[in-house]
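Structural overview
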Amino acid sequence: MLVLGLETSCDETGVALYDTERGLLAHRVYSQIAVHAEYGGVVPELASRDHVRKGLPLIREVMEEAGHTLQDLGGIAYTSGPGLVGALLVGACLGRSLAWSLGIPAVGVHHMEGHLLAPMLEDDVPEFPFIALLVSGGHTQLVKVEGIGEYELLGESLDDAAGEAFDKAAKMMGLPYPGGPALSKLADEGDAGRFSFPRPMTDRPGLDFSFSGLKTFTRTTILNCAVDGVLAEQDKKDIAAGFQTAVVDTLAIKCKRAMKQTGVNRLIIAGGVGANRMLREQLKVTAEQLKGRVYYPRPALCTDNGAMIAYAGAQRLNAGEVSDIAVSCVPRWPM
Ligand code: KG4
Ligand code: ZN
């Protein structure tokens, strides 16, 4: 079955064509970074309008690249939450009405389930059960995955998500939006040992996270280093390196704990922060220490994309799930 996937929950328009026999046939992601950059963050109304503008052209490009027409489709999957409600509604209305006009089923997909299943799009597919570390701009969660739709939440962030912490720390340092990748690049040239960033909540039992303390530590360090309100380039690099290492260490400690606690030694990493090179390297070592393995999607499938929605939707359609013609989206939706 050929499934078209549409992702419009935030500031990326993602479109993909997934075949349940042949795998991912084509995918495109259009990023709205340039639209939002001058505001320092995502402006919801501008996001919705840009999704309207890019949805159909991207669908056309993907179908052409894969050598298929809309008539070949067996189903359509769209992100129905969580996310910005206006942005979600654009993808949902587009997907649902296209499916109706073609006489095929459509299904709404949970954005985080999409991230969670993204590693299944790669050649090297992890076996169930596995532990998933979901690290995006809106979520930081550890989940035990027994199978498709069988998810047990082991721990989550009590305040900021890891990606959000990256973005806020980057903003304090005057880095451009979105801050995560920019901060990570700067960190490569810094001395992580110069400042003693904390590893929040690692000294007590449990699998929850908290990243707001790191934000405060970053702010204080910036204030201490800045001369007349200006940070020297090397200070920026050292703060970035200290910050990144603290986040990565904290995530690695909790992943190790989750794997030990459950006896499951397969770990997958998903979500935008999963594109972070240091995190990928460190978690590989962590999994190997436990005689296990780590699996991650290629960086382009870690950040928001339509392929993960097409894959998750294909599983749900295969299981007979279909969304009603009355489109509904859920801005806040626990998985
Ligand atoms: O999953 P995603 O694309 O969108 C959400 O669903 O939130 O994640 C975006 C988040 C942003 O906070 C971004 O700064 C972060 O992922 N991010 C990174 C890197 N690439 C993206 N954070 C750290 N290092 C990176 N290389
Ligand atoms: Zn996401």
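Residues numbered from 1 in each chain as written. Chains lettered and ligands numbered in written order. Predicted model: local features only at pLDDT ≥ 70, side-chain atom pairs only at ≥ 80, totals over all residues. Heavy atoms only, no water.

**Quick word on the UniProt feature "domain: Gcp-like" (unreviewed entry) in the protein**
- Those places that UniProt annotates as "domain: Gcp-like" (unreviewed entry) correspond, in this numbering, to residues 24-311.
- Between the end C-alpha atoms of residues 24-311 the distance is 8 Å, and the span holds 49% helix and 17% strand. (UniProt positions renumbered as here; feature names shortened; annotations may be inferred. Helix = DSSP H or I, 4+ residues; strand = E, 2+ residues; numbered from the N terminus.)

**A short note on the pairing of strand β5 (residues 106-110)**
- Within β5, five of the five residues are buried, which leaves it mostly tucked inside the rest of the structure.
- Residues Ala106, Gly108 and His110 of β5 are buried on one face, and the alternating residues Val107 and Val109, pointing to the opposite face, are buried as well.
- As paired elements, strand β4 (residues 75-81) and β5 share five bridges and run parallel to each other. Bridging from a neighbouring strand, Ala77 pairs with Val107 of β5. (Buried < 20%, exposed > 50% of the residue type's maximum accessible area, 1.4 Å probe, protein only. Pairing = 2+ DSSP bridges.)

**Points about the nonpolar core**
- Leu142, Leu183, Phe243 and Leu283 are the most contacted members of the largest nonpolar core, which totals 44 residues.
- If one sorts the elements of this core by residue count, helix α8 (residues 233-262) sits on top with 12 residues.
- Contacts of Leu183, omitting those with residues within four sequence positions, involve Phe166, Ala169, Ala170, Met173, Leu175, Ala240, Phe243 and Gln244.
- Within the second largest apolar cluster, 29 residues are counted, among which are Met120, Val143, Ile268 and Ile309. (Core = buried A, V, L, I, M, F, W, Y, C linked by side-chain atoms within 4.5 Å. Contact = heavy atoms within 4.5 Å.)

**Observations regarding the UniProt feature "binding site: Fe cation" (unreviewed entry) in the protein**
- UniProt marks His111, His115 and Asp304 with the feature "binding site: Fe cation" (unreviewed entry), using the numbering shown here. Across 194 residues in sequence, these annotated residues keep their C-alpha atoms within 8.7 Å of one another, forming a single compact spot.
- For His115, the location among the structural elements is in helix α4 (residues 111-117).
- Filtering out sequence-adjacent residues up to four positions away, His115 remains in contact with Leu134, Ala270, Gly271, Gly272, Cys302, Thr303, Asp304 and Met308.
- Looking at Asp304, the relative accessible area reads 15%, which means it is buried.
- Here Asp304 is in contact with Glu7, Ser9, Cys10, Glu12, Val29, His111 and His115, once residues within four sequence places are set aside.
- In terms of polar contacts, Asp304 uses its side chain to reach the side chain of His111, at 3.1 Å. (Polar contact = N/O pair within 3.5 Å; in protein donor to acceptor, adjacent residues only side chain to side chain.)

**Concerning the sheet that holds strand β9 (residues 266-270)**
- Taking strand neighbours across the sheet as the criterion, the five strands line up as β8-β7-β6-β9-β10 in an open arrangement whose pairing is mixed. Only two strands of the sheet have a single neighbouring strand rather than two, namely β8 (150-156) and β10 (293-295). Direction aside, the axes of adjacent strands within the sheet are offset by 25 degrees on average.
- Pairing analysis gives six bridges linking strand β6 (residues 130-135) to strand β7 (residues 140-147), with the strands arranged antiparallel. Note that in β7 the partner of Leu134 across the bridge is Gln141.
- Sitting on the sheet, helix α9 (residues 277-289) touches β6, β9 and β10, and the angle it makes with β10 is about 150 degrees. (Axes fitted to C-alpha atoms, helices over the stretch in contact; angles between N-to-C directions.)

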